[in-house]
Amino acid sequence: MSEATPRITAPYLESFSHQNVRILGKVRQLRGEQATVDAGGQIIVHLNRDAHLQLNHAVEIIGKVQNDLSVKVMASTDFGPEGGIDFNAVEAVVDATHRYHEIFYDKE
Amino acid sequence: MDYGYTTTYTSAGNQDGGGFLPGSQNAGDSGGAKRKFGTDTLRPVTIHQLISAHHPSPDAEHFIIDNSEATQVTFIGQIRNISTQTTNVTYKLDDGTGIIEVKMWKDMDQDTNDSAPGKPALVEQGYARVWGRLKAFANKRHVGAQIIRPVGDLNEVQYHLLEATAVHLHFSKGPLDNGQTKPGANGASAASNTNGIDSGYGGTSGGAGGMQIPANLSSRAKKVLSCIQNAQQSQEGLHIQQIATQIPMDVGEVQKAGDELQNNGLIYTTVDDNTWALLDV
């Protein structure tokens, strides 16, 4: 099994179900064990105990896409206030990841 | 008779060699006396590229990525694990495309490598940028790092991945063709702005596909050259009258520019003395 965690946004969730992915988005809502992250659309994430998400911060989540297209968090990294991250670049990276996947991940 | 020639030749050669070797010894940890410095490159890559890079032979010093030799590489990754050994520190880096080990050899003389006060430290789960050389040891790949430093601005992660993609496309699909840079040059020449033309051509000649434009070319010669370059290329090339109406420019001026371009070996005459074609196509 590959160790790659492709960077995706909400529209890619369906094609990556049951796979490990990496999502860089903005924290929109915190509801205890659950949170909503905006990354090209709303994504519901199920937090683990180590996850310390902050509202209106950018966060990078490594997790597994579930059946219902929510994401189970395995690890999260705070990327600071969302204004500090250029989300056009983030979008471009996701686009490049799938357009030129040969240098990012192996397609099954 | 040819003593003079021989003497100057060898002494020049010695000077070159002497000047170069001391610098190369600072280059780092990789031994190997006969490395080809001429082909040394520093390439931005993803870890996936390092893992899938082709190794031409088990003891080769370089790897092949996108059919081109890669020696030094630079990449970014999240530190998954730091393990300090007696002779080196091993970092496990994950950039989302794969995981690879990075070894930084300890400098025994000064153990202040990354513990200098005030310097941001490398921590687990933090992002780091590495400059180093890909190595294969006992069927396992790792990177011998020259430098590893923490990433301060996380936009650098995105920047690096896009840069690696751009370089990958450069090697796999060829450099950006002139179609990308020329419109800029055209626009500038339409505005008949000499500086604009210069910068436009700077972009063109930067690509491997672009032709070398002598720096001392006059602005009218550059305009004529750009007109011929952008014209539909045919066997006959362009007639002086066509060029004069397209730029537009006085026929006499075009004639002078054409002479200059011919003297520089950039164009040649075809069906008659006043019809010119590009020499490099």
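Residues numbered from 1 in each chain as written. Chains lettered and ligands numbered in written order. Predicted model: local features only at pLDDT ≥ 70, side-chain atom pairs only at ≥ 80, totals over all residues. Heavy atoms only, no water.

Q: Explain the nonpolar core here, please?
A: What tends to happen in soluble globular proteins is that the nonpolar side chains get buried as a cluster. Formed by 37 residues in total, the largest nonpolar core has its most connected members in A:I43, A:V45, A:L53 and A:V71. Listed by contribution, the elements that provide at least two residues to this core are β1 (20–31), β2 (34–38), β3 (42–46), β4 (57–65), β5 (71–81) and α1 (87–99) of chain A together with α3 (155–173) of chain B. When residues no more than four places from it in sequence are discounted, the contact partners of A:V71 are A:L13, A:I23, A:I43, A:I44, A:V45, A:H46, A:I61, A:G63, A:K64 and A:V65. In this structure, B:V73, B:F75, B:I100 and B:M104 belong to the second largest nonpolar core, which totals 23 residues. (Core = buried A, V, L, I, M, F, W, Y, C linked by side-chain atoms within 4.5 Å. Buried < 20%, exposed > 50% of the residue type's maximum accessible area, 1.4 Å probe, protein only. Helix = DSSP H or I, 4+ residues; strand = E, 2+ residues; numbered from the N terminus. Contact = heavy atoms within 4.5 Å.)

Q: Would you mind going over the environment of A:I103 with me for this structure?
A: Mapped onto the fold, A:I103 is located in the segment after α1. Using a relative accessible area of 2% as the deciding quantity, one classes A:I103 as buried. Every residue in contact with A:I103, bar those within four places of it in the chain, is listed here: B:T46, B:H48, B:Q49, B:T97, B:A164, B:T165 and B:H168.

Q: In this structure, what is going on with the sheet that holds strand β10 (residues 267–269) of chain B? I would like to understand it.
A: Sheets are built from strands paired through backbone hydrogen bonds, the pairs being either parallel or antiparallel. Residue and element names in this part refer to chain B. Ordered by their spatial adjacency, three strands build an open sheet running β9-β11-β10, and the pairing between neighbours is antiparallel. For this open sheet the edge positions go to β9 (238–239) and β10, each flanked by a neighbour on one side alone. Two strands pair when backbone bridges link them, and β9 and strand β11 (residues 275–278) are joined in this way by two bridges, in the antiparallel orientation. Each residue of the ladder has a partner; that of H239, found in β11, is T275. (Pairing = 2+ DSSP bridges.)

Q: What exactly am I supposed to notice about the pattern of salt bridges here?
A: Should the charged atoms of two oppositely charged side chains come close, the side chains can pair. One pass over the structure, following the stated rule, counts 13 salt bridges over all chains. With a shortest N-O distance of 4.0 Å, A:E60 and A:R7 are connected by a salt bridge. Of the two residues, A:E60 is situated in strand β4 and A:R7 in the segment before β1; the sequence distance between them amounts to 53 residues. Given a relative accessible area of 8%, A:R7 falls into the buried group. The salt bridge involving B:E253 is made with B:K256; its shortest N-O contact spans 3.9 Å. (Salt bridge = Lys/Arg side-chain N within 4 Å of Asp/Glu carboxyl O.)

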